[in-house]
Amino acid sequence: MRLYATVAAGGFRRYATYRVATAAGVFTNSVFGLVLSYTYVALWDERPHLGGYSMDDALAYVWIGQALITVCGLMGGGFEEELIERIRTGDIAVDLYRPADLQAWWFSANAGRAAFQLLGRGVAPMVLGALVFDFTLPSGPGGWAAFLLAVALGSAVGFALWYLVAMSAFWLLDGQGVMQVAWLGGLFFSGMLLPLNVFPGALGEVARMLPWASLLQVPADVYLGRYEGWELAGAYAFQGCWALALLGTGRAVQALATRKVVVQGG
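Residues numbered from 1 in each chain as written. Predicted model: local features only at pLDDT ≥ 70, side-chain atom pairs only at ≥ 80, totals over all residues. Heavy atoms only, no water.

*Asks:* Help me out: how do you make sense of the overall build of the protein in this one?
*Replies:* Secondary structure summary: the protein contains 12 helices and 0 strands in total. What you see in the protein, going N to C, is helices and strands ordered as α-α-α-α-α-α-α-α-α-α-α-α. Split into buried and exposed, the 266 residues of the protein put 47% on the buried side. Of the contacts made within the protein by residues no fewer than 6 positions apart, 79% connect residues no fewer than 24 positions apart. When the accessible surface of the protein is totalled, it reaches about 12,800 Å², and 68% of it is carbon and sulfur. Charge centroids of the protein, computed over 15 positive and 17 negative side chains, lie 13 Å from each other. (Helix = DSSP H or I, 4+ residues; strand = E, 2+ residues; numbered from the N terminus. Buried < 20%, exposed > 50% of the residue type's maximum accessible area, 1.4 Å probe, protein only. Contact = heavy atoms within 4.5 Å. Areas by Shrake-Rupley, 256 points an atom, 1.4 Å probe, with all protein chains shown as cover. Lys, Arg positive; Asp, Glu negative; His and termini not counted. Charge placed at Lys NZ, Arg CZ, Asp CG, Glu CD.)

As structure tokens, then:
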């Protein structure tokens, strides 16, 4: 465990060194947050309580989305390109022979990255949004704690999804196509463009059952206090089950990839 804690700390320090990139990310997220906010204002003026959200809830949803883009990997996990490149060049063979689990290593590094991104690119846009707009805030420390737990689970699901994307490179060599599909899936089915509660009929029901809902929709609804008691436990269970299922699938794919490397190496 000490090894993986060290890896997580290293991931945090690594991204903390990119101060200019962090500042650029904060600026970009803030600009998109402003654009989306005014778009939502126009939409909710025409359709009040769309998706069951008040105007204040909808504006909060916008800024939660901007805060979690990099934390939960809505548009990329932040590590998959590096991992795909190591697979493509064959450097992954060295990683597989190390006395450390490949998935746990990258999970730990991603946890450190996500923690920094939450502080570096998550807090600042939320503060800016709160200064410009009146939007809903959690009711007390308990609400914030519940939200942070949902974010942690969402980050785990995001890692598991992008880890599977990276693992596909063992068979496809070039993972760009899979990355594009995953990027589009995350953009649409996480609720990044519009809350999934707005999606009509069967499309909305299916979208809310997919793993991408764990990245933004569930944390946002926890933030907004839409889950209480057993419903909150059910929201966490939804995220946790997807995390376990996807991490388990990733471990199975990793085992196949390891066997492939051993056979080819032999």
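*Asks:* I would appreciate a short explanation of a nonpolar patch on the surface in the present structure.
*Replies:* A contiguous nonpolar patch, built from Phe 12, Tyr 38, Leu 119, Val 123, Val 127, Leu 131 and Val 132 and spanning about 680 Å² of accessible area, is present on the exposed surface. The element best represented in the nonpolar patch is helix H6 (residues 102-132), accounting for 5 residues. Counting through the fold element by element, Val 132 comes out in helix H6. (Patch = residues over 30% accessible without salt bridge, like charges linked within 9 Å, V, L, I, M, F, W, Y side chains within 5 Å. Salt bridge = Lys/Arg side-chain N within 4 Å of Asp/Glu carboxyl O.)

*Asks:* So what exactly am I meant to see when it comes to the environment of Glu 228 here?
*Replies:* Examined against the element boundaries, Glu 228 turns out to sit in the loop between helix H11 (217-223) and helix H12 (230-265). Given a relative accessible area of 60%, Glu 228 falls into the exposed group. Residues Glu 228 and Leu 36, spaced 192 residues apart in sequence, show a C-alpha to C-alpha distance of 28 Å.

*Asks:* Hey, could you run me through the pattern of salt bridges in this one?
*Replies:* A pair can form between side chains of opposite charge whenever their charged atoms are brought close. Per the stated rule, a full pass over the model turns up 4 salt bridges. Residue Glu 82 pairs with Arg 14 through a salt bridge whose shortest N-O separation is 3.2 Å. Linking Glu 82 in helix H4 (residues 80-89) with Arg 14 in helix H1 (residues 2-16), this pair joins segments that are 68 residues apart in sequence. Accessibility expressed as a relative area gives 32% for Glu 82, which makes it partly exposed. Overall, Arg 14 belongs to the partly exposed group, its relative accessible area being 39%. A salt bridge links Asp 221 to Arg 226; the nearest nitrogen and oxygen atoms lie 3.4 Å apart.

Everything listed here is a matter of geometry and, on its own, says nothing about what the molecule does.
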